[in-house]
Amino acid sequence: CLKKRYPKCKFSLGNILLPKEMSSIRTFCERSLVGSAPSIICIDVNGNREISGVLECLKMVMNESWKRQPRMIIVKSRFLYWELKKMGNGDDGGGGGM
């Protein structure tokens with residue numbers, strides 16, 4: 001269980017494509033962290049979502065009215081990885097792969 005492995009971390013689960021749930025996650029984060037935004041947000045797009053859906057998820061998080069923008073957004077998406085790899089020189093930068 002993640003809560004046992006990372007007892008100091010706060011976890012919230014929701015569908016960020018639904019504005020009400022995204023706002024609920026933001027509120028949870030701000031209350032849990034005494035009025036500040038989380039420093040890192042992790043998004044798991046749950047399956048093989050097309051690139052347009054992945055970008056929509058990112059837009060929802062980035063356009064939310066945070067009191068302080070997150071320092072980093074991590075996205076677990078094969079489609080995003082492949083698109084970015086096509087745009088670059090084909091090298092994954094040594095950061096590993098999927």
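Calculation notes
- Residues numbered from 1 in each chain as written.
- Predicted model: local features only at pLDDT ≥ 70, side-chain atom pairs only at ≥ 80, totals over all residues.
- Heavy atoms only, no water.
- Salt bridge = Lys/Arg side-chain N within 4 Å of Asp/Glu carboxyl O.
- Helix = DSSP H or I, 4+ residues; strand = E, 2+ residues; numbered from the N terminus.
- Patch = residues over 30% accessible without salt bridge, like charges linked within 9 Å, V, L, I, M, F, W, Y side chains within 5 Å.
- Areas by Shrake-Rupley, 256 points an atom, 1.4 Å probe, with all protein chains shown as cover.
- Buried < 20%, exposed > 50% of the residue type's maximum accessible area, 1.4 Å probe, protein only.

This part is about the pattern of salt bridges. Per the stated rule, a full pass over the model turns up 4 salt bridges. Of the charged contacts, one joins K76 and D44 as a salt bridge, the two residues approaching to 3.5 Å between their closest N and O atoms. One end of the pair, K76, is in strand β2 (residues 72-76); the other, D44, is in strand β1 (residues 40-44), with 32 residues separating them in the sequence. With a closest N to O distance of 3.0 Å, K86 and E83 form a salt bridge. One end of the pair is K86 and the other is E83, both in helix α4 (residues 78-87) and 3 residues apart, which spans about a single turn.

Together, L2, Y6 and F11 line one region of the surface with nonpolar side chains, adding up to about 280 Å² of accessible area. Within the secondary structure layout, F11 lies in the loop between α1 (2-5) and α2 (19-32). Taking the relative accessible area as the measure of exposure, F11 reaches 35% and is therefore partly exposed.

In short, geometric facts, not functional conclusions.
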